[in-house]
Amino acid sequence: MAAIEIAPGAPYAALLGLGSYRPSRVVPNSEIVGAIDSSDEWIQQRSGIRERRWSTEDETLQMMSVEASRRALADAGVDARQIDCVVVATVSHMMQTPAVATLVAHELGTDQAAAFDVSAACAGFCHGVAMANDMIRSGSARHVLVVGAERLSEITDPTDRGSAFIFADGAGAVVVGPSETPGIGPVVWGSDGEQYDLIRSRQDWRDVIKDPEPRMPHLVMQGAAVFRWASFAMAKIAQQALDRAGVSVEDLDVFVPHQANMRITDAMARSMKLPASVRIARDIAEQGNTSAASIPLALDRMKDEGEASTGDLALLVAFGAGLAYAAQVVVVP
Ligand code: UT7
């Protein structure tokens, strides 16, 4: 019997390029507060959000994904035809199937790249980066495009006090490819399905169609419980990601946690005893919480504003509905 041949993959993988797309519409807290009996002061104090971006009709999930991807490809100097696989992390693609990734791969002009969506909510982008790392090192792909994209404004209830001010829209993308040196550390990831109910769609589609007044199945969140879990459990996951990469907090240049709440970011930084020299992503203040898109958006802003540079060591930590989480150390492209 013939033996199966396995072509070797690249020794290591790295992020080769980064790009993002922020929707044009800026929505200040003053536009949100009326429907939820809140105030600009409360929202800023409790979440750190001053304003968020919501997409217009033309800024579809596909459009934002393609724009962010084009910028990441240009940044990497990689042609779309070199992409073997497109992974889109999202929870806001409105068609159950096919995956939005297939449209993105087609519009970008890839050569029929493999394409699929990842549903790991706010942790989806870090899941995608982990998978891309493994694909490249195992030889199943040479270049992978990982996109985090969300249009959460469409599935946010503007009258829900616990979430109306948090969620937002946008997309970020990275090109992952072969490298002579390690550019992506081992992932620490997991899920806690016992807490499935803490962040979820209000109804499933079968309940929606039975409803006499059907509405979008908006997101609902038990904010305080998620807050406690994220603030304590995620600092430990972050530390494990550092340990597995053989990196200490002193070696880090940049900390890019999922942009869920500025107070969660600060609590994690305190628990991890991050030195003052580590620059911390604070994109949430002007962008809101964009779930799977938040980490690449935040890192791109840091690069634009000179807080992160190519070659820096960054710790990524993502967490959200599931409850799902993933963390890894990466070299900034
Ligand atoms: O991205 C996925 C992961 N998501 C997260 O990580 C989100 C985690 N959770 C959070 O960010 C926070 O829980 C929120 C920002 C959502 C809420 O902040 P909180 O400090 O946990 O507020 P709370 O729900 O404990 O409510 C505190 C108080 C309550 O009043 P009393 O009982 O203390 O008198 C609420 O009724 O604030 C009141 N409140 C509000 N007041 C003004 C709740 N929502 C609002 C509001 N405006 N929108």
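Residues numbered from 1 in each chain as written. Predicted model: local features only at pLDDT ≥ 70, side-chain atom pairs only at ≥ 80, totals over all residues. Heavy atoms only, no water.

Peer 1: Go over the site of the ligand, please, and point to the residues and values.
Peer 2: In the region of the ligand, 21 residues are neighbours, and Ser38, Arg46, His258, Asn261 and Asn289 sit closest. With respect to the ligand, the backbone of Ala224 contributes an N or O atom lying 3.4 Å from an oxygen atom. For the ligand, whose free accessible area comes to 960 Å², the fraction covered by protein is 71%. Mapped by element, the contributors of at least two residues to the shell around the ligand are helix H2 (40-47), helix H7 (223-245) and helix H8 (262-271). Counting residues per element, the shell around the ligand draws most heavily on H7, which supplies four residues. Counting only domains with at least three residues in the shell around the ligand, you end up with domain 1 (12-179) and domain 2 (188-331). (Near = heavy atom within 4 Å. Polar contact = N/O pair within 3.5 Å; in protein donor to acceptor, adjacent residues only side chain to side chain. Areas by Shrake-Rupley, 256 points an atom, 1.4 Å probe, with all protein chains shown as cover. Helix = DSSP H or I, 4+ residues; strand = E, 2+ residues; numbered from the N terminus. Domains from an automatic or database assignment.)

Peer 1: Kindly report on the pattern of salt bridges, identifying the contributing residues and their values.
Peer 2: Opposite charge on two side chains permits pairing when their charged atoms draw close. Scanning the model with the defined rule gives 15 salt bridges in all. Salt-bridge contacts for Asp312 lead to Arg279; the nearest nitrogen and oxygen are separated by 3.1 Å. One end of the pair, Asp312, is in the loop between helix H10 (294-304) and strand E13 (313-320); the other, Arg279, is in strand E12 (residues 279-280), with 33 residues separating them in the sequence. For Arg279, a relative accessible area of 29% gives the class partly exposed. (Salt bridge = Lys/Arg side-chain N within 4 Å of Asp/Glu carboxyl O. Buried < 20%, exposed > 50% of the residue type's maximum accessible area, 1.4 Å probe, protein only.)

Peer 1: Just give me the short version of the sheet that holds strand E6 (residues 144-151), but keep the residues and values in it.
Peer 2: Read across the open sheet, the five strands follow the order E1-E7-E6-E4-E5; overall the sheet is mixed. The sheet terminates laterally at strand E1 (12-21) and strand E5 (114-118), the two strands that pair on one side only. On average, adjacent strands in this sheet sit at an angle of 20 degrees to one another, irrespective of strand direction. Across the face of the sheet, helix H5 (residues 124-138) comes into contact with E1, strand E4 (85-89), E5, E6 and strand E7 (169-179) while running at roughly 170 degrees to E6. Across the sheet, H10 touches E1 and E7, and the angle it forms with E1 is around 85 degrees. (Pairing = 2+ DSSP bridges. Axes fitted to C-alpha atoms, helices over the stretch in contact; angles between N-to-C directions. Contact = heavy atoms within 4.5 Å.)

Peer 1: Describe helix H1 (residues 29-36), naming the residues involved and giving the relevant values.
Peer 2: All of the buried residues along H1 are Asn29, Ile32, Val33 and Ile36. In an axial view of H1, the angular spread of the buried residues amounts to 105 degrees, which keeps them on one side of the axis. Set apart from the buried face of H1 by more than 90 degrees, the exposed residues are Ser30 and Gly34. Residues of H1 that are buried make contact with strand E2 (25-28), H2 and strand E3 (51-54). Downstream of H1 by a residue or two, Asp37 has a phi angle that is positive, lying close to 45 degrees. (Arc of directions from axis to C-beta.)

Peer 1: So, the environment of Thr90: which residues are in play, and what are the values?
Peer 2: Looking at the secondary structure, you find Thr90 in the loop between E4 and helix H4 (100-108). Considering only alpha carbons, one finds Thr90 and His127, 37 residues apart in sequence, at a separation of 11 Å. Within the local environment of Thr90, its side chain forms a polar contact with the backbone nitrogen of Ser92, the two atoms lying 3.1 Å apart.

Peer 1: So what's going on with the sheet that holds E13? Which residues, and what values?
Peer 2: Taken together, five strands build an open sheet; the order of strands is E8-E14-E13-E11-E12 and the sheet is mixed. In this open sheet, the two strands that pair with only one neighbour each are strand E8 (188-191) and E12. Pairing between strand E11 (residues 254-257) and E13: four bridges, direction parallel. Following the sheet pairing, Pro257 is matched in E13 by Val317. Packing against the sheet, H5 makes contact with E8, E13 and strand E14 (324-331), and its axis sits at approximately 55 degrees to E14. Relative to E11, H8 is tilted by about 135 degrees, and along the sheet it contacts E11, E12 and E13.

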